[in-house]
Amino acid sequence: MLSRGRLGLLRRCGSLRLFHGSTVAGFSHGGRRLQSSGKDEGKDAGGDEGGKKDQKDQRDQKDQRGQNGKNGKKGQVEGLAGYFKSKEFARTMYWTIGSVVLIDLLSPSSQEQEQDALTFQEFKTKYLEKGLVKKLYVVNKFLVEAELLPQAVGQVQASGVTGAFQHNPVVAFTIGSVDVFEEQMDELQDKLHIAPDDRIPITYVDRASLLQYLFPFVPTIILLGGLWFITKKMTGGASGSGSGSGGLGGMFGVGKSRAKLFNQETDIKATFKDVAGCNEAKSEIMEFVHFLKQPQRYTALGAKIPRGAILSGPPGTGKTLLAKATAGEAGVPFLSVSGSEFVEMFVGVGASRVRDMFEQARQMAPSIIFVDEIDAIGKERGKGGAMGGANDEREATLNQLLVEMDGFSTSDQVVVLAGTNRPDVLDPALMRPGRFDRHIQIDAPDLEGRKAIYMVHLRKLNLDPEYVHSEAKREDLAGKLGALTPGFCGADIANACNEAALIAARHNDPHIELSHFEQAIERVIAGLEKKSKVLSPEEKRTVAYHEAGHAVCGWFLQFADPLLKVSIIPRGQAALGYAQYLPGDQYLVSEEQFQHRMIMALGGRVSEELHFPTVTSGAHDDFKKVTQMADAMVTSLGMSRKIGYLSYDQDEGGFQVNKPFSERTARNIDSEVKRIVTEAHAKCKELLTSKLDKVDKVAKELLAKEAITREDMIRLLGPRPFPEKNEAFEKYLDPHPKNA
């Protein structure tokens, strides 16, 4: 059985022939210039009257500027006055005053600061020598507080020193050294002949304010406060966006589910009418919706709803749109979450969020959970081994998901839908029946699917009135566009329709016409026209003969795709010229069809060889396609008798240390690939040699017009000698259906 992915790649290879170059594009407007010129003409015609009017306008402008300046100053004054009256200013003042008061209260005692400190000499003469000192306190080794006897009250008041210490007056003075102070006290008491037992007792005291005890903890408090503030901001923003992490808030809410609950009436506007081109997948999904709306219809027969469904397919085929339509028509709570939201830097967060999400879904049952890009957490476990491919946190999240989908506490009223582009990497335990029972593959749409998708998008566009008033003409337009875009998925079609609307607006056209869609399709396929790139006459002639070689080969080969247009206008990043073909929706390719496609791809290089003394690098893209086709024929499709019916197809994206074949087989593969390409080159050279005059005609026409269509090819070469095998092309695009 042939690989549809491989055939799809090979089918798309022949749809566009590129000649290398680069892309620059730009557009200019002349509106302002035209407007200014109109003003100048009016000024010349108006004469003096216009000059007086201009002077009056200038005075008005000055008055207006003066008024604006006054209004600006007034606005500044009003803004400043409003700020002083605002709650924010009052709150700032409260914080400032409170901080000052708190620091003042926590600072050392105000009594100590208000006391007038004495010198040691004054203390000695006024109090110590008179016998008025009862006890001394050395505070923090630099301040001495002297407790006096009650008889010293009058002396203290006369000195202007106030204070109280244990109901006795207190005076204070500073010292430089405790040892010197003790020596001076001993000497002084010796002179006063005071007995050792009656000498003044000295007590050493250490005092500190509350602020001094708290100050070492300030850096820690600031650090923890900043961390708390940042965490609150992060979780608060996530909660405000509807992620569901609000509850506990802060760091404690990091394990809450971030699944968003969609409101059918306000949040979701898409319905199943907006989904086209995937009827089988849509019917599968609608069955889930019907079961949740009318479960008794199925349970009466003993049926059980599938626990889940995997939506897989190439990017842009409409997996997420199908999920949005399900949310819009389900009539039950719909929770949507991305697979990457289960992956965080904290251990255990993913599993916690899975548990919380399913808990929310069970509380709202019946409900639907949609996990987009589930391959972020659902990759096969244990891959990588010693190479480090395993991820314990991701595996723990996947294990929790497996338990929730089919475990002891599983609810039949919770349906899980998931979307992914890579179903091949998912864990087998996740894909088994009982968890994801249904695997819904969404492929690129065929002709009828593309036509249906175009019909959906055309309803939203401002088309030409002939398409608006006639349903048949609008369907015919959708069919033509579907035939012009083989291989396009839903996202490509939406992009082409949007580009058509942009082109119509750029040209100031009132409606969108077929020509706008044709330009948009060329823009999407080949890139933007590079009008700024000017080729030299020699390069332009080379590109013309290169593209003429492709066109003539395709015209006279039976299995070549229908030619639509040939151009030598530079487009895209590397296309100095291109030929546009329309391959049909084909799923099987024969060996002869491969050969004809390779001959057509080599037509550009062979044409250069026949018309110029040297060749150029313009055929690089052609050689790449030819090599891929020949390699697929030999290694994957069994089209080489020498290699036989074996498949050596290698995974292009994976890391492979050893080849799955020997060196001898590798040499045989290389020789077979070279033989196939050489034979195609010889047949191409033989064909173009016999059609040299026709190549010259096409090349000269290209040099004259830069772009030619199928009608020009029929006029130059006559009708194709073979009937077209693309039915859509004959139905919608071929003006000469009977050209055989």
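Residues numbered from 1 in each chain as written. Predicted model: local features only at pLDDT ≥ 70, side-chain atom pairs only at ≥ 80, totals over all residues. Heavy atoms only, no water.

J.: Mind laying out the packing of helix 22 (residues 537–555) against helix 27 (residues 710–717), listing which residues take part and the relevant values?
T.: Where helix 22 contacts helix 27, the two axes come as close as 12 Å, and the packing angle between them is 75 degrees. When the axis of helix 22 is compared with that of helix 27, the two are roughly perpendicular. Residue-level contacts link A551, V552 and W555 of helix 22 to R710, M713, I714 and L717 of helix 27. Split into classes, the residues belonging to the contact of helix 22 with helix 27 amount to 6 nonpolar, no polar and 1 charged. (Axes fitted to C-alpha atoms, helices over the stretch in contact; angles between N-to-C directions. Helix = DSSP H or I, 4+ residues; strand = E, 2+ residues; numbered from the N terminus. Parallel < 35°, antiparallel > 145°, perpendicular 65-115°, else oblique. Contact = heavy atoms within 4.5 Å. Nonpolar A, V, L, I, M, F, W, Y, C, P; charged D, E, K, R; others polar.)

J.: Outline the packing of aromatic side chains, supporting the account with residue identities and numerical values.
T.: Within the structure shown, the criterion is met by 10 aromatic pairs. Ring centres 6.2 Å apart and planes at 80 degrees place the aromatic pair F120 and F181 in the edge-to-face group. Of this pair, F120 sits in helix 6 (residues 120–128) while F181 sits in helix 8 (residues 178–191), and the two are 61 residues apart along the sequence. Exposure remark for F120: the relative accessible area of 16% places this residue in the buried category. Taking the relative accessible area as the measure of exposure, F181 reaches 2% and is therefore buried. Aromatic ring contacts, followed pair by pair, group F120, F123, Y127, F173 and F181 into a single cluster. Positioned over the ring face of F556 is K691, at 4.3 Å from the centre of the ring. (Phe/Tyr/Trp six-rings, centres within 6.5 Å; stacked < 30°, edge-to-face > 60°. Buried < 20%, exposed > 50% of the residue type's maximum accessible area, 1.4 Å probe, protein only. Lys NZ or Arg CZ within 6 Å of the ring centre and 35° of its normal.)

J.: How would you explain the pattern of salt bridges if you had to name every residue and give the values?
T.: One pass over the full model with this rule turns up 19 salt bridges. Measuring nitrogen to oxygen at the nearest pair gives 3.7 Å for the salt bridge that ties K473 to E466. The class for K473 is partly exposed, based on a relative accessible area of 41%. Among the ionic pairs, D476 bridges to K480, the shortest N-O distance being 3.7 Å. (Salt bridge = Lys/Arg side-chain N within 4 Å of Asp/Glu carboxyl O.)

J.: Any details on the nonpolar core? Residues and values, ideally.
T.: Within the largest apolar cluster, 55 residues are counted, with the highest numbers of intra-cluster contacts made by M598, V698, M713 and L717. Of all elements in the fold, only helix 22, strand 12 (563–567), strand 13 (577–581), helix 23 (591–611), helix 24 (620–635), helix 25 (663–690), helix 26 (692–705) and helix 27 reach the threshold of two or more residues within this core. When residues no more than four places from it in sequence are discounted, the contact partners of M598 are V626, M629, A630, M633, I676 and A680. (Core = buried A, V, L, I, M, F, W, Y, C linked by side-chain atoms within 4.5 Å.)

J.: Outline unusual backbone geometry, supporting the account with residue identities and numerical values.
T.: Positive phi outside glycine occurs at K141, with the angle close to 65 degrees. Looking at the secondary structure, you find K141 in the loop between strand 2 (133–139) and strand 3 (143–148). With a phi angle near 60 degrees, N508 is a residue other than glycine that sits in the positive phi range. With respect to the helices and strands, the residue N508 is situated in the loop between helix 20 (490–506) and helix 21 (514–526).

J.: Hey, could you go over the state of the cysteines for me, with residue numbers and the actual values?
T.: Per the counting criterion, the structure on display carries 0 disulfides. Not part of a disulfide, C553 finds its nearest cysteine sulfur in C684, a span of 3.7 Å. (Disulfide = S-S within 2.5 Å.)

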